[in-house]
Amino acid sequence: MTANDRNKYSIEEINRKFNKELSMQMAGILPKGHIYDLGRPCKILLSTGFPDLTIELSSTRLEEKSRQKNHPFNLNVVYDLVLALQNPLAVLYYGDKRTSQNIIIELYYNCKCFLVGIFFLCDKSRVSIRGLFPKDTCEWLNWIVQGKALYLNKQKIQTLIDQQRINLADVIYLDLNFVESLISTFMNPV
């Protein structure tokens, strides 16, 4: 798909195409080495420093990530990945925020949100997903405490914090009141 073609397609159409190709991958009929086109970054991602380039995901990497020992998941849970990236819960920096960021999205597996690790390739020609796996809420909330937040959907994160309060044993090392105060005073980029 060329840049001109991409401009003709809505994010919903790109999402439908991704879901269709994902179904093909699960059925074993997607060509080897296929690269998924996940569309361009939304305004939220652009505000955190994302380059305005197509987000790509290798079908090989997706398969590898779904089979990792420490973060396995079923491929069908990443249906609508394109739409989820357009409305992130949080964007956090990882290392150098000019070259990589972690996005927490509203796709779930075993009650955990997905983390999407994005790398901006050196030549600035592509944005590539390198990591994709379910992440414990308390772990990425701790990244907010560490000052790594670039964007926060305050209302949705507050709902997740309220759910964390139900089983405080899961977040024993986190002061949820402190996390809430950090989130309430956090200023999202314009």
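Here, the structure is the one placed above.
Residues numbered from 1 in each chain as written. Predicted model: local features only at pLDDT ≥ 70, side-chain atom pairs only at ≥ 80, totals over all residues. Heavy atoms only, no water.

1. Side note on the pairing of strand 5 (residues 112-120)
In plain terms, the rule: Between buried and exposed lies partly exposed: a residue is buried under 20% and exposed over 50% of the maximum accessible area for its type, with that area taken using a 1.4 Å probe on protein chains only. Numbering goes from the N terminus for both helices and strands, where a helix is a DSSP run of H or I of at least four residues and a strand is a run of E of at least two. Only when DSSP finds a minimum of two bridges between them are two strands counted as paired.
Burial analysis of strand 5 places seven of its nine residues in the buried class, which makes it a mostly covered element. When strand 4 (residues 100-109) meets strand 5, the two strands line up antiparallel, connected through eight bridges. Residue pairing for strand 5: Tyr109 is matched across the bridge by Lys112. In this antiparallel pair of consecutive strands, strand 4 and strand 5, the connection spans two residues, and Asn110 shows a positive phi of 50°. In this sheet, strand 6 (residues 127-135) lies alongside strand 5 in antiparallel orientation, the contact comprising eight bridges. Opposite Leu115, over in strand 6, you have Phe133 as the bridge partner.

2. Considering the pairing of strand 6
With eight of nine residues buried, strand 6 is to be regarded as a mostly interior element. As defined by bridge partners, strand 2 (residues 55-58) adjoins strand 6 across two bridges and the pair is classed as parallel. Looking at strand 6, one finds that Glu56 is bridged to Ser128.

3. A short note on helix 2 (residues 11-27)
Note: α-helices contain 3.6 residues per turn, so residues at a spacing of three or four share the same orientation. The condition that has to hold: Under the convention used throughout, the expected extent of a helix is 1.5 Å for every residue step, that is, one less than its residue count. We call two residues in contact when some of their heavy atoms are within 4.5 Å.
Between its terminal C-alpha atoms helix 2 stretches 24 Å, which fits the 24 Å expected from 17 residues at 1.5 Å a residue. Within the span of helix 2, buried status applies to Ile14, Asn15, Phe18, Asn19, Glu21, Leu22 and Gln25. Tucked inside the fold, the buried residues of helix 2 contact strand 1 (35-37), helix 4 (59-66) and helix 5 (81-85). Two residues or fewer after helix 2 comes Gly28, characterised by a positive phi angle close to 80°.

4. Describing the nonpolar core
Definition in use: Nonpolar cores were defined as sets of buried Ala, Val, Leu, Ile, Met, Phe, Trp, Tyr and Cys residues, with membership established by side-chain atoms within 4.5 Å.
Ranked by internal contacts, the top residues of the largest apolar core, which has 35 residues, are Leu38, Leu81, Ile129 and Leu132. Every element with two or more residues in this core is listed here: helix 2, helix 3 (43-47), strand 2, helix 5, strand 4, strand 5, strand 6 and strand 7 (149-152). Filtering out sequence-adjacent residues up to four positions away, Leu38 remains in contact with Ile11, Ile14, Phe18, Ile55, Leu57, Leu81, Val82, Leu85 and Ile129. Within the second largest apolar cluster, 22 residues are counted, among which are Ala90, Leu92, Leu152 and Ile157.

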